[in-house]
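# Tertiary structure, described
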Amino acid sequence: MRVAVYPGSFDPITNGHLDIIRRASKLYDRLIVGVLNNMNKKPMFTAEERKRLIDEVTEDIPNVTCDVFSGLLVDFAKNNGATVIVKGLRTVADFEYEFQMALLNKALNPEFETMFLMTDTKYSYISSSMVKEVAKYNGELNGLVPQQVISKIKEKM
């Protein structure tokens, strides 16, 4: 069975994230969305809330599961039987950072491969940070995040 992990903070999950999840789920028997619980950040949503949002927006994709993790990504992937780490790329800047992370993960565990998927161009400008900024000023969130997420963001604001 080919198992991959798609890690991130997903605070909140965007349409760009969902695009990567849908496309990666077609390439692997099982795709685990790993929600990073980073104690050094102050997220809008708790890790468990982010997990629930991802579960809700991916419920129609049978081979996708979601779990929260902290610590090293390679440990989370190994503990879940994954051998591939999926990373979505929007820009060249994303590539530079993700390339360094892929090399680090490979050094930590040579068994892992990182697969880069380019975000669909219609989502290339969307980031969770930008979504939060738009929400802060009561801007339009349609098209940026899945419909189910909009009301949850508004509740948090």
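Everything discussed here concerns the structure shown above.
In this report, we go over the structure that sits alongside the text. Computed from a prediction, not measured in an experiment: that's the story for all the values here.

Attention shifts here to the nonpolar core. The tendency in soluble globular proteins is for nonpolar side chains to be buried side by side. With 35 residues, the main nonpolar core has Ile21, Leu31, Val86, Leu141, Val145 and Ile153 as its most contacted residues. Look past the residues within four positions of Leu141 in its chain and what remains in contact with it is Val131, Val134, Ala135, Ile150 and Ile153. By size, the runner-up hydrophobic cluster in this structure holds 11 residues, among which are Val3, Ala77, Ile85 and Phe112.

The sheet contact formed by strand 4 (residues 84-89) and strand 5 (residues 113-118) spans 6 bridges and is parallel. When the bridges of strand 5 are listed, Leu89 appears paired with Met118. Between the parallel pair strand 4 and strand 5, the chain is carried across by helix 4 (residues 92-108), and the sense of this crossover is right-handed.

What follows covers unusual backbone geometry. Residue Pro12 is reached from Asp11 by a cis peptide bond, and omega for that bond is 0°. Relative to the elements of secondary structure, Pro12 occurs in the loop between strand 1 (3-8) and helix 1 (15-25). A positive phi is found at Phe10, a non-glycine position, where the angle reads about 50°. The residue Phe10 is located in the loop between strand 1 and helix 1 in this model. Although it is not a glycine, Asn138 sits at a positive phi angle of roughly 55°. With respect to the helices, strands and loops of the structure, Asn138 is situated in the loop between helix 5 (128-136) and helix 6 (147-156). Judged by relative accessible area, Asn138 falls into the exposed class, the value being 72%.

Time to look at the layout of surface pockets. Looking at the largest pocket, its volume works out to about 1100 Å³. Those elements that place two or more of their residues in the lining of the largest pocket are strand 1, helix 1, strand 4, helix 4 and helix 5. Of the residues forming the lining of the largest pocket, the biggest block, 7 residues, is contributed by helix 4. Residues belonging to the lining of the largest pocket are distributed by class as follows: 15 nonpolar, 14 polar and 9 charged.

Thresholds, definitions, all that
- Residues numbered from 1 in each chain as written.
- Predicted model: local features only at pLDDT ≥ 70, side-chain atom pairs only at ≥ 80, totals over all residues.
- Heavy atoms only, no water.
- Core = buried A, V, L, I, M, F, W, Y, C linked by side-chain atoms within 4.5 Å.
- Buried < 20%, exposed > 50% of the residue type's maximum accessible area, 1.4 Å probe, protein only.
- Contact = heavy atoms within 4.5 Å.
- Pairing = 2+ DSSP bridges.
- Helix = DSSP H or I, 4+ residues; strand = E, 2+ residues; numbered from the N terminus.
- Right-handed = clockwise from strand over helix to strand, strands pointing away.
- 1 Å grid on protein atoms, 1.4 Å probe; cavity = no way out; pocket = protein on both sides within 12 Å on 5 of 7 lines; lining within 4 Å.
- Points joined across faces, edges and corners; volume = space filled by probe spheres on them.
- Nonpolar A, V, L, I, M, F, W, Y, C, P; charged D, E, K, R; others polar.

It is worth stressing that arrangement in space is one thing and function is another; only the former is reported here.
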